[in-house]
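So the chains spell out like this:
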Amino acid sequence: MKMLRFRSPSLRSLDQEILCTIRLLDDSEISCSIQRDTKGQFLLDHVCNHYNLLEKDYFGIRYVDPEKQRHWLEPNKPVVRQMKSLQPYTMCFRVKFYPHEPMKIKEELTRYLLYLQLKRDIYHGRLLCPFAEAAYLGACIVQAELGDYDPEEHPSDYIRDFKLFPKQSPKLERKIMEIHKNELRGQCAALAELNMLQRAHSLETYGVDPHPCKDFTGSTAFLGFTATGFVVFQGNKRIHLLKWLDVSKLKFEGKTFYVIGIQKEKKLVLTFHTSTPAACKHLWKCGVENQAFYKCAKSSQIKTVSSSNIFFKGSRFRYSGRVAKEVIEASSKIQREPPEVHRYGRSLTKLLNSVDLLFSSPVQSPARLLRELHADPDIQAQLEAERERDRAYERTRQAARSRMSGVLTSSLRLLSSNERLNACVLSVARFVAAVMGVLLVTVPTLLLLLESDIDVSFLHEIRQTPEFEQFHYEYYCPLRRWILCKISMSVVVCSLLMLTS
């Protein structure tokens, strides 16, 4: 009897849909359902379509695995293969590559999203700035959110309504109010946001997503990647800046991260140690992506990079997408009516003013109402309840779909179990054959490189690489001496046995 064949994609297509929740830069959320083979690019496109965003190459989707390690969602791989957390999935839409010159961003919508990201960076302490810069940035945020200062509308403590910095002193609040009252009057939200971007991008920590680690002395350091190059901070002080043109290689082994470059015409090797191998791999991938985005002139120039030398298997990664120069060029060619920008802060202020007028209530500060709205536990509980009802509805819908397809799926799996077993045995046999074939090719090639004196150009280039020299002197030569010693001892023992017999 001929066995029926069921292709694995058919089984996957019958699996239930998976709910994904994506948190946006203003802390709102959107949801969508995906299949098991849906790639990361689908989710990024889904968010960009929600915003009507064209300049989307600066952005990415970030998630956190059960071990609390952050990752960027890779666009060309299935989402399910990357996520290790339980369903439904929760991710965040964030700026991945900070524009080197925000003035070259074509659309106001893109600048607004970058403004929201920098606002988050300031609040979480990633964008470090001296007192004067902090006051100006804070004033720009207040101007963008509230508009011009109005003594009848804004009480003496209206800056308290805004939690702008991790440590917000009364002295800083007074300076923010002074700048807001006197220097920024008349600026619309878009102009205030643009001024904030211009001032922020000149700071040393602009675009730095700090990776904690330890240097070779055991001191704590924070590594980051910017449009300029690779940076190292200790505390609030930048101790290293290696421009991308001077970085020749990034690699990692286990929990050790290496930056190899040239500084003052001398070879430089910086070594750092992360807390886990997963953190080290994430650091390496971020470095590879940032170097490709900011350094390369065209995406076609980008090659697949490996974390190891030519003889040992390591992680391989290739950046996908456009690079910075291509993004700027594409932005300059955008010709459409600018999309409407929905600003949360000003929309809420106008809504509160409308409510005041409707009920003829006494005039009250919109900023104060904004603070009370965020602080009111009843309103927060209602919002959370609505979100929970939406999630419960989605879970019910997914459960219904899974029950409908469950019976058919289980029957197909029973029928195809024998076929899978046969396929598994065949896969093992193919794997063994492939390994033997690789060994038959690799071993003679290694011997040709290590033992022969043939001076062919490409063999000469391989022999001159630091990785080959390290392998030759640290691994191969000791192994050859050990084998020759064992062979010599065996020959001597055999000779003695023959003489005694």
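As the structure is a computational prediction, the values presented were derived from the model and not from experiment. (Residues numbered from 1 in each chain as written. Predicted model: local features only at pLDDT ≥ 70, side-chain atom pairs only at ≥ 80, totals over all residues. Heavy atoms only, no water.)

**Student:** Account for the environment of H342, with residues named and values stated.
**Tutor:** Mapped onto the elements, H342 comes out in the loop between α9 (324-332) and α10 (344-358). By relative accessible area, H342 is classed as exposed at 59%. (Helix = DSSP H or I, 4+ residues; strand = E, 2+ residues; numbered from the N terminus. Buried < 20%, exposed > 50% of the residue type's maximum accessible area, 1.4 Å probe, protein only.)

**Student:** Give me the packing of aromatic side chains: which residues, what numbers.
**Tutor:** Inspection of every chain in the model, using the stated rule, returns 14 aromatic pairs. Aromatic pair Y58 and F293: ring centres 6.4 Å apart, planes at 75°, arrangement edge-to-face. Note that Y58 is positioned in the loop between α2 (40-51) and β3 (59-64) and F293 in helix α8 (residues 277-295), a separation of 235 residues in sequence. Judged by its relative accessible area of 5%, Y58 falls in the buried class. By way of ring pairs, the aromatic residues Y58, F97, F293, Y294 and Y319 are connected into one cluster. Over the face of the ring belonging to Y136 we find R199, whose NZ or CZ atom lies 3.9 Å from the ring centre. Sitting above the plane of the Y258 ring, K251 keeps its charged end 5.5 Å from the centroid. (Phe/Tyr/Trp six-rings, centres within 6.5 Å; stacked < 30°, edge-to-face > 60°. Lys NZ or Arg CZ within 6 Å of the ring centre and 35° of its normal.)

**Student:** If you had to explain the pattern of salt bridges to someone new, which residues and values would you point to?
**Tutor:** With the rule as written, the count across this model stands at 19 salt bridges. Notably, a salt bridge pairs E178 with K175, separated by 3.7 Å at the nearest N-O pair. With E178 and K175 both in helix α6 (residues 170-182) and three residues apart, this pair spans about one turn of that helix. Where salt bridges share partners, they join R62, R70 and D209 into one cluster. (Salt bridge = Lys/Arg side-chain N within 4 Å of Asp/Glu carboxyl O.)

**Student:** An account of the packing of helix α5 (residues 131-146) against α6 is needed here, citing residue identities and associated values.
**Tutor:** For the pair α5 and α6, interaxial distance at closest approach is 8 Å and the crossing angle is 55°. Considering their axes alone, α5 and α6 lie oblique with respect to each other. Once α5 is placed against α6, the crossing between them reads as right-handed. Packed against α5, whose contacting residues are F131, A134, A135, Y136, G138, A139, V142 and Q143, the element α6 presents K171, L172, K175, I176, I179 and H180 at the interface. Taken together, the residues that form the contact of α5 with α6 break down as nine nonpolar, three polar and two charged. (Axes fitted to C-alpha atoms, helices over the stretch in contact; angles between N-to-C directions. Parallel < 35°, antiparallel > 145°, perpendicular 65-115°, else oblique. Left-handed = near helix turned anticlockwise from the far one by under 90°. Contact = heavy atoms within 4.5 Å. Nonpolar A, V, L, I, M, F, W, Y, C, P; charged D, E, K, R; others polar.)

**Student:** Quick one: what's the story with the side chain of Q187, residue by residue and with numbers?
**Tutor:** Assignment of secondary structure puts Q187 in the loop between α6 and α7 (189-200). Assessed through its relative accessible area of 15%, Q187 is described here as buried. Within polar-contact distance, the side chain of Q187 engages the side chain of N195 at 3.0 Å. (Polar contact = N/O pair within 3.5 Å; in protein donor to acceptor, adjacent residues only side chain to side chain.)

**Student:** Break down the sheet that holds strand β10 (residues 247-253) for me, with residues and values.
**Tutor:** The antiparallel open sheet is built from seven strands, whose spatial order is β9-β8-β7-β6-β12-β11-β10. Looking along the sheet, the strands with just one partner apiece sit at the ends: β9 (237-243) and β10. Averaged over all neighbouring strand pairs, the angle between strand axes comes to 30°, with direction disregarded. Where β10 lies against strand β11 (residues 256-263), six bridges are found, and the strand directions are antiparallel. Note on β11: the bridge partner recorded for F252 is F257. Each of β6 (211-215), β7 (220-225), β10 and β11 is contacted by α8, which is oriented at about 160° to β10, the strand it contacts most. (Pairing = 2+ DSSP bridges.)

**Student:** Lay out the side chain of T38 with the relevant residues and their values.
**Tutor:** Among the secondary structure elements, T38 is positioned in the loop between β2 (29-34) and α2. Side-chain polar atoms of T38 contact the backbone nitrogen of Q35, separated by 2.9 Å. The contacts of T38, once residues within four sequence positions are left out, are K77, P78 and V79.

**Student:** So, the packing of helix α4 (residues 108-123) against α7: which residues are in play, and what are the values?
**Tutor:** One can describe the packing of α4 onto α7 by two numbers: an axis separation of 10 Å at closest approach and a directional angle of 55°. Looking at the two axes, α4 sits oblique to α7. The element α4 and its partner α7 pack so that their crossing is left-handed. Contacts from E108, R111, Y112, L114, Y115, L118, K119 and I122 of α4 reach α7 at A190, E193, L194, M196, L197 and A200. For the contact of α4 with α7, the residue count by class is 10 nonpolar, no polar and four charged.

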